[in-house]
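Observations on chain architecture
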Amino acid sequence: MKKISRRSFLKASAVLGSAAALTACGGSSASTSTAPAASGSTAAAPSGDTIKIGTIYAMSGGNAAIGENILRGIDFAVDEINKAGGVNGQMLEVVRGDHAGDAATGKSEAERLITQEGVNVIMGCHMSVVTEVVAQVCQQYGIPMITAISTLDRLTDEDKHGIQTYAEGYKKFLDESKTERDAVLEIARMAESKGFRAWTRDDTLRPGDKIYRINRHKGIMLAVIGEKSLAEGVRLTAAHLDAPRVDIRTVPLYEDNGMAFFKTHYYGGIKKYQWPTVPLALHGVVYRKDGSVITVTVGEDDTDPVLVVSDLLIHLSADQMKKPLAEGIAGEQLNVILGTEPIEGEGSDLVKLNVMKLLNEKYGLIEEDFLSAELTIVPAGKCREVGLDRSLLGAYGHDDRVCAYAEIEPLLSMLTPTHTAVCILADKEEIGSVGISGMQSQAFEHFMGGLCAIQGVELRDCFANSFCLSADVSNAFDPNFAETCDKRNNSQLNYGVAICKYTGSRGKGGASDASAEAMGHVRSTLDKAGV
């Protein structure tokens with residue numbers, strides 16, 4: 001089979017795809033035509049190199065009139081292209097196949113056109129059940145396929161395999177990313193495995209280079225340098241890595257009535273009543289006086305103990321049950337149980353001392369080290385599949401690691417883009433994006449300013465010509481809580497990615513409102529990508 005250039009293929013397919021779509025949507029006179037369909041190619045190809053286009057439409061059976069109409073449009077387009085000199089000097093030749101409205105016939109015709117006729121591309125098939133099987137044959141042989149009007153509302157085996165592969169990667173990411181620090185380390189590891197390098201401001205850059213930069217261990221920015229100058233802008237995605245949690249206070253360890261606890265304060269928007277109901281894990285780092293850093297993780301390994309927040313027995317909770325849900329468990333009651341066994345000896349706080357002894361034996365910690373520690377309580381355990389059909393995932397941290405993973409996964413395997421592609425994953429969104437690791441800092445501007453300086457581009461010019469998709473979780477409509485949603489305008493399960501035009505509440509207060517032009521750009525981009 002003779003190879004054709006990508007440019008030649010795209011030129012031919014654009015014209016022929018348009019011709020097929022226009023004729024398929026023609027008036028009633030065309031759809032009732034009874035002119036006989038000729039066998040083989042009706043568009044005579046001049047001598048010399050040709051681009052062979054296989055067509056698979058109904059030329060017999062109940063849908064023959066529609067197939068004939070589409071083929072006339074293709075023949076017309078081919079004749080016009082060939083009269084004008086072809087595509088980059090190559091003439092077009094149409095080789096026809098007839099699926100007769102039957103999927104099995106369409107499959108055999110596709111195999112014939114590819115293996116016997118040597119076509120470079122296949123167009124078809126008008127009927128979705130036929131298009132599905134022909135597409136599988138084309139994929140098997142690596143042949144491009146153009147279809148203008150088929151639709152299908154079910155997943156192919158390949159679609160399901162792709163979804164499962166993506167989900168397995170996401171599950172691993174969730175398991176390794178219980179905190180923003182964990183997430184940054186995991187993303188850096190993933191990036192380096194795909195050829196990314198840690199970038200410094202004195203580094204050089206060329207199209208295709210893959211770089212990342214970490215901000216204070218809690219945020220990360222990644223970029224794939226494009227062919228065009230940064231003066232023409234970047235294509236940016238943004239999300240956050242932090243999630244609601246319970247943090248350990250600076251002086252946390254205490255004993256009360258024979259029980260040792262960590263004193264805590266919660267971070268972000270949590271439902272406090274949920275935390276006494278799940279096993280908990282301890283994650284974080286401790287900076288010691290000698291400058292060494294200790295990573296602490298308790299509760300994730302199968303042999304680890306887990307931690308808990310206590311709650312009342314149902315027999316003792318009559319007054320508690322009368323309180324509003326938000327007050328059933330107070331923030332000051334989210335104290336984590338560490339132990340009840342006293343150390344051997346005489347004196348006070350023997351349970352607390354025993355806990356400290358265990359931490360010292362495993363991590364070399366002394367109580368003073370809590371002053372320079374960053375320790376967090378999160379739900380313990382791995383991501384699990386939910387439902388008998390395993391169609392959902394249950395895990396801590398979907399908000400907003402679901403968006404973070406969706407942004408980095410395609411970036412890691414990206415080839416040289418036209419515009420530089422950038423992803424920023426920030427911290428502190430749950431509490432207002434404040435601080436040096438949040439989006440209100442200058443970390444992103446500093447990163448982009450360094451890239452622009454290498455190309456001699458003004459940062460403001462780069463930003464003025466850029467396009468950004470800011471991602472965060474959207475709720476799926478839940479019929480159990482239907483009163484909280486506008487069903488007509490709410491995202492739903494099994495309908496793909498959710499695009500939210502505006503945020504905010506009560507008259508769009510604090511809204512980020514995308515323009516019609518921005519939404520149009522997103523629509524057309526997804527349409528062109530077949531989403």
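The structure we're discussing is the one just above.
The notes below deal with the structure included here. Source: prediction; values computed, not measured.

The rules behind these values
- Residues numbered from 1 in each chain as written.
- Predicted model: local features only at pLDDT ≥ 70, side-chain atom pairs only at ≥ 80, totals over all residues.
- Heavy atoms only, no water.
- Helix = DSSP H or I, 4+ residues; strand = E, 2+ residues; numbered from the N terminus.
- Rg over C-alpha atoms; globule rule 2.2 N^0.38 Å.
- Buried < 20%, exposed > 50% of the residue type's maximum accessible area, 1.4 Å probe, protein only.
- Contact = heavy atoms within 4.5 Å.
- Areas by Shrake-Rupley, 256 points an atom, 1.4 Å probe, with all protein chains shown as cover.
- Lys, Arg positive; Asp, Glu negative; His and termini not counted.
- Charge placed at Lys NZ, Arg CZ, Asp CG, Glu CD.
- Pairing = 2+ DSSP bridges.
- Core = buried A, V, L, I, M, F, W, Y, C linked by side-chain atoms within 4.5 Å.
- Expected span 1.5 Å × (residues − 1).
- Axes fitted to C-alpha atoms, helices over the stretch in contact; angles between N-to-C directions.
- Salt bridge = Lys/Arg side-chain N within 4 Å of Asp/Glu carboxyl O.
- Phe/Tyr/Trp six-rings, centres within 6.5 Å; stacked < 30°, edge-to-face > 60°.
- Lys NZ or Arg CZ within 6 Å of the ring centre and 35° of its normal.

Let's talk about the overall build of the protein chain
Along the protein chain, the regular secondary structure elements total 13 helices and 19 strands. Rg of the C-alpha trace for the protein chain: 30 Å, well past the compact-globule value of 24 Å for 531 residues, more than 25% over. Taken over the C-alpha atoms alone, the protein chain extends approximately 105 × 60 × 50 Å along its principal axes. With 531 residues in all, the protein chain has 40% of them scored as buried. Taking the contacts inside the protein chain whose residues are at least 6 apart along the sequence as the reference set, 67% of them involve residues at least 24 apart. Split by element, the accessible area of the protein chain, about 29000 Å² in all, is 53% carbon and sulfur. With 53 positive and 69 negative side-chain charges, the protein chain shows a separation of 5 Å between the mean positions of the two kinds.

What about the pairing of strand β11 (residues 280-287)?
Burial analysis of β11 places seven of its eight residues in the buried class, which makes it a mostly covered element. Pairing of β11 with strand β15 (residues 373-379), which is carried by seven bridges, proceeds in the antiparallel orientation. When the bridges of β15 are listed, Gly284 appears paired with Leu375. Bridge count between β11 and strand β12 (residues 293-298): six bridges; the pairing is antiparallel. When the bridges of β12 are listed, Val286 appears paired with Ile294. Adjacent in sequence and paired antiparallel, β11 and β12 are bridged by five residues, among which Gly291 carries a positive phi angle near 90 degrees.

A short note on the nonpolar core
Counting residues in each nonpolar core, the largest one holds 27 residues, and the members touching the most others are Leu282, Val296 and Ile377. Looking at this core, the elements with two or more residues in it are β9 (245-256), β10 (259-267), β11, β12, α9 (350-363) and β15. At five residues, the largest contribution of residues to this core is made by α9. Once residues within four sequence positions are removed from consideration, Ile377 is found in contact with Arg245, Val246, Ile248, Trp275, Leu280, Ala281, Leu282, Leu307 and Val336.

Here we look at the pairing of β9
Within a regular strand, the side chains alternate between the two sheet faces. Bridging between β9 and β10 involves eight bridges; their strand directions are antiparallel. Residue Glu255 lies in a different strand from β10, and its bridge partner there is Ala260. What sits between β9 and β10 in their antiparallel hairpin is a turn of two residues, with Asn257 showing a positive phi close to 50 degrees. Here β9 runs beside β15; their pairing, made up of two bridges, is antiparallel. Of the residues in β15, the one forming a bridge with Asp247 is Thr376.

Some remarks on the sheet that holds strand β4 (residues 145-146)
The four strands are arranged β2-β1-β3-β4 in an open sheet whose pairing can be described as parallel. Unpaired on one side and paired on the other, β2 (91-98) and β4 mark the two borders of the sheet. For strand β1 (residues 50-57) and β2, the ladder comprises eight bridges, and the chain directions are parallel. Paired with Thr55 across the two strands is Arg96, which belongs to β2.

Points about unusual backbone geometry
Each neighbour pair has its own omega, and for Gly124 with Cys125 the value is 5 degrees, a cis peptide bond. The residue Cys125 is located in the loop between β3 (121-124) and α5 (128-141) in this model. Here the bond from Asp399 into Asp400 is cis, since omega is 10 degrees, no more than 30 degrees from zero. Within the secondary structure, Asp400 sits in helix α10 (residues 398-412). Although it is not a glycine, Ala100 sits at a positive phi angle of roughly 55 degrees. Within the chain, Asn494 stands out as a residue other than glycine whose phi angle is a positive 70 degrees. Positionally, Asn494 belongs in the loop between β19 (467-470) and α13 (516-528). Asn494 sits in the exposed class, given a relative accessible area of 78%.

Overview of α9
The end-to-end C-alpha distance of α9, which contains 14 residues, comes to 20 Å, matching closely the 20 Å that a straight helix rising 1.5 Å per residue would cover. Within the span of α9, buried status applies to Leu350, Val351, Lys352, Asn354, Val355, Met356, Leu359 and Tyr363. On the buried face of α9, the contacting elements are β9, β10, β12 and β14 (336-339). Two residues or fewer after α9 comes Gly364, characterised by a positive phi angle close to 75 degrees.

As for the sheet that holds β11
Across the sheet, seven strands lie side by side as β12-β11-β15-β9-β10-β14-β13; this open sheet has antiparallel pairing. Of all the strands in the sheet, the pair left with one neighbour each is β12 and β13 (308-309). In this structure, β10 lies alongside β14, joined through three bridges in antiparallel fashion. For Ala260, the partnering residue across the bridge sits in β14 and is Gly339. This element, α9, spans β9, β10, β12 and β14 of the sheet and lies at about 125 degrees to β9.

Quick word on the pattern of salt bridges
It is possible for side chains bearing opposite charge to pair when their charged atoms get close. According to the stated counting rule, one finds 22 salt bridges in the structure shown. Residue Arg189 is joined to Glu186 by a salt bridge in which the shortest nitrogen-to-oxygen separation is 2.7 Å. Remark: Glu186 and Arg189 occur in helix α7 (residues 180-193); sequence separation between them is three residues, near one turn of the helix. Look at the salt bridges and you will find they share partners, linking Glu168, Lys171, Glu385 and Arg390 into a network.

Comments concerning the packing of aromatic side chains
Within the structure shown, the criterion is met by seven aromatic pairs. With a centroid separation of 5.5 Å and an interplanar angle of 35 degrees, the aromatic rings of Phe173 and Tyr405 are classed as tilted. Placement of Phe173 in helix α6 (residues 157-176) and of Tyr405 in helix α10 is noted, with a sequence separation of 232 residues between them. Look at Phe173 and you get buried, because its relative accessible area is 1%. Given the relative accessible area of 6%, Tyr405 is considered buried. Geometrically, the ring pair formed by Trp199 and Phe447 is edge-to-face, given 5.8 Å between the ring centres and 90 degrees between the ring planes. Taken together, the residues Trp199 in the loop between β5 (197-198) and β6 (210-215) and Phe447 in helix α11 (residues 443-455) connect sequence positions 248 residues apart. Of the residues examined, Trp199 reaches a relative accessible area of 2% and is grouped as buried. A relative accessible area of 1% means that Phe447 is categorised as buried. It is Arg245 that lies over the ring of Tyr267; its NZ or CZ is 3.7 Å from the centre.

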